Amino acid sequence: MNEFFKSSKEVIESQKKLMFPCMPKYRQPVVIVEGRGALVKDLDGKLYIDLFAGYAAVNIGHCHPKVVEAITYWAKRIHHTSYDYYNLPSALLAEKLVKILPMEGDKKVFFCVSGAEAIEGSIKLMKKYMLKNKGKTGIEVLTLRYSFHGRTHMATALTGQSKYKKGMATVSTIPGVKIVPAPYCYRCPFKMEYPECNLFCAYYIEDIIRFETSTDIGAFLAEPVLGEGGIIVPPKEYFKEVVKIIRDYDGLFIADEVQTGFARTGKIFGIENFEVEPDIIAMAKGITSGLPLGAIGAKAEIANAFESGDHSSTWGPNAVSCAAASAVIDVILKENIPEKVDELGKYFISGIEELAKKHRLIGDVRGLGLMIGVELVRDRAEKTPAVKEAIKVRNYMRESGFLIGAGGAFGSTLRIEPPLMITKEQIDRALEALDQALKKVE
Ligand code: PMP
C-alpha cells in the first residue's frame, strides 16, 4: 500500500516538490495514517488528539464503525452510477435527509461533491427560482464580511475576505454580489456594544439594500456561525431580523451549513440555534464525516424551479459517500449527538474562559457547541491580532500531541472543532495543553 515512503520527512519533501504551491503556508508536518474517534496516529507512530477534525468535517469521529460498515458494504457492490440511473444509498439518504432539514412543508435534495459545489448549486437554483417564479431577471445576493463559501469562482466572489481573492480581481468578484458588515461583536464594525447596539448591524442591511443595490434582492447567503472567519457567533436574534428584511424585498435566505451542519453547534443544523427557517441549505463536510459529498436542500416549491438538465454532478449520488452520510444521520439521531455536543461545548468553553482569567493573550472566547474560537490579541485594549503567537500556540499544541486550527479573518483565532465524540477526559487534557502552550508563548 506504500511502496515509496519510509518516513514522514520523505512524504513531506515529496509533497513540497509535487503539489501545487497553494498548500497552506503552515501545513503541519504530520502524516496521518490512522484515526479512530478523536485520535489520530502519524506515520512515525505519534498519537494526537484531533481538535480540528480535518477542517471541522469528521463530525462523528474518525472511522466511526457504522460509517466503516456502510462504506465497506457498498464498496464491494457498487461505487458509482451517475444520475442517469438510480442507486439505493442515495435514495435512502434523500429519505433521511429531508426528514431532518429544518424547514416546514415539502422538501427536496440534490447531491454533489463538495461545499463549494453545494453553494454554486444553491445560487443557481435561487436564480432560476427568481426568474421563473418571481419574474426577476437581474438579482443581487447579499453575503457577510468575514464569510467563507468555498474556492470556486462564484464561491470566492461570495466570500467576504480579500485574502482568498488576492491576485484574482475580476474572477473573484461577480456583479450582483454585495458584501455587508458582519455581526462580529468583538470587533463591531460600528464600535457598538451588544445588546445596547439594538442589533444596528442587522437593520443597517436595509439601508444598504435601499441605497447601494437595485433593491432586486435574490438572496441573503450566510453561515449561521462564521467558521473560517474565526468562529463568529451572531447574536441570537440576528438572523430573524435580517431574514425579515430580506423577505420584505422578496429575497430568499440561503444557509451555508457546510461547517455548522450535522450537530457541530449542538443542533443538527446551526441555524436551528436562531429560530429562523432557511429556504435553501448548502451542506458538505460533516454530512459524511470523512468522504466527499455535498448536498443542497430546499423547499420543494423552490427546488421545482430547476428543470430537467438544469444542474448535475457526475459523482453526486455516489453510492459509497451517500451510504456514509446515511450512517452519519443514523448515529446523530440514535446517539443523541446534538445534546451531547451542547453539553461538551459548554464544558470546553467554560474551561477556556477559566484560562482567559490568567492568560492575557486571550482576547475573546466564543462558540456554539463544539465550534469554538479563541481569539488571541497582543493587548486587550487595542485588540491587536496576535498572529505569530497563534501559530506558535498551534505548534506547541501539536508538539504536545494536539491538533488545532489557527486562522480567522485576522489570523489570530485558534479554531477548536474536534470530532463530536471527544470525551470530557480528552477535553481536560486539551485544556491542560492549551494552558501550557499559552504560558510558553506569553
Ligand atoms: N462553506 C463553508 C462555510 C465552509 O466552511 C467551507 C469549507 N471550509 C466551504 C463552504 C467550502 O467547502 P469545500 O471545501 O467542501 O468546497
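Keep in mind the model is a prediction, meaning the values are calculated, not measured. (Residues numbered from 1 in each chain as written. Predicted model: local features only at pLDDT ≥ 70, side-chain atom pairs only at ≥ 80, totals over all residues. Heavy atoms only, no water.)

Looking at the domain arrangement of the protein
In step 1: Taken as a whole, the protein is organised into domain 1 (8-63 + 336-441) and domain 2 (68-334).
In step 2: Here the C-alpha centre of domain 2 lies 25 Å away from the C-alpha centre of domain 1.
In step 3: At the junction of the two partners, domain 1 supplies 37 residues and domain 2 supplies 36 residues.
In step 4: Regarding the contact of domain 1 and domain 2, the summed buried area is about 2,900 Å², with carbon and sulfur atoms giving 57% of it.
In step 5: The largest share of the area that domain 1 buries against domain 2 comes from I60, L368 and M371, three residues that together contribute 22% of it.
In step 6: In this assembly, domain 1 and domain 2 are joined by 2 salt bridges.
In step 7: Of the charged contacts in the structure, one is a salt bridge between E375 and R187, with a shortest N-O distance of 2.7 Å. (Domains from an automatic or database assignment. Contact = heavy atoms within 4.5 Å. Buried area = accessible area lost by both parts, 1.4 Å probe. Salt bridge = Lys/Arg side-chain N within 4 Å of Asp/Glu carboxyl O.)

Quick look at unusual backbone geometry
In step 1: Looking along the chain, the bond that leaves Y194 and enters P195 is cis, with omega of 5 degrees.
In step 2: Structurally, P195 is set in the loop between β6 (177-180) and α7 (200-212).
In step 3: We note that N336 has phi near 55 degrees; this positive angle belongs to a residue other than glycine.
In step 4: Position of N336 relative to the elements: it lies in the loop between α10 (319-334) and α11 (337-358).
In step 5: For N336, a relative accessible area of 38% corresponds to the partly exposed category. (Helix = DSSP H or I, 4+ residues; strand = E, 2+ residues; numbered from the N terminus. Buried < 20%, exposed > 50% of the residue type's maximum accessible area, 1.4 Å probe, protein only.)

Let's talk about helix α5 (residues 115-134)
In step 1: A rise of 1.5 Å per residue sets the reference length of α5, with its 20 residues, at 28 Å; its end C-alpha atoms lie 27 Å apart and thus fit the reference within 8%.
In step 2: Between the side-chain oxygen of the N-cap and the backbone nitrogen of E117 there are 3.2 Å, and the N-cap of α5 in question is S114.
In step 3: Count one or two residues on from α5 and you reach G135, which has phi positive near 65 degrees. (Expected span 1.5 Å × (residues − 1). Polar contact = N/O pair within 3.5 Å; in protein donor to acceptor, adjacent residues only side chain to side chain.)

Details of the environment of P278
In step 1: Position of P278 among the secondary structure elements: in the loop between β8 (252-256) and β9 (280-283).
In step 2: In this structure P278 comes out as buried when scored by relative accessible area, which is 0%.
In step 3: In this structure, the C-alpha to C-alpha distance between P278 and G167, residues 111 residues apart in sequence, is 34 Å.
In step 4: Filtering out sequence-adjacent residues up to four positions away, P278 remains in contact with P102, M103, R247, F253, A255, I271 and K299.

Regarding the site of the ligand
In step 1: Surrounding the ligand, one finds S114, G115, A116, F148, H149, G150, E223, E228, D256, V258, Q259 and K285.
In step 2: Side-chain polar atom of D256 to a nitrogen atom of the ligand: 2.7 Å apart, as the coordinates give it.
In step 3: A distance of 2.7 Å separates an oxygen atom of the ligand from a polar atom in the side chain of Q259.
In step 4: Compared with its free state, where it exposes 390 Å², the ligand has 82% of that area covered by protein.
In step 5: Of the residues assigned to the shell around the ligand, the class counts are 3 nonpolar, 5 polar and 4 charged. (Near = heavy atom within 4 Å. Areas by Shrake-Rupley, 256 points an atom, 1.4 Å probe, with all protein chains shown as cover. Nonpolar A, V, L, I, M, F, W, Y, C, P; charged D, E, K, R; others polar.)

Considering the pattern of salt bridges
In step 1: The full count for this structure, using the stated rule, is 26 salt bridges.
In step 2: With a closest N to O distance of 3.3 Å, K240 and E275 form a salt bridge. Placement of the pair is K240 in helix α8 (residues 238-248) and E275 in the loop between β8 and β9, with a sequence separation of 35 residues.
In step 3: Where K357 meets E354, a salt bridge forms, and the shortest distance between an N and an O atom there is 2.8 Å. On the criterion of helical spacing, the pair formed by K357 and E354 is a turn pair, its members being 3 residues apart in helix α11.
In step 4: Residue classification places K357 among the exposed residues on the basis of a relative accessible area of 65%.
In step 5: Because the salt bridges share partners, they merge into one network encompassing K128, K132, E307 and D310.

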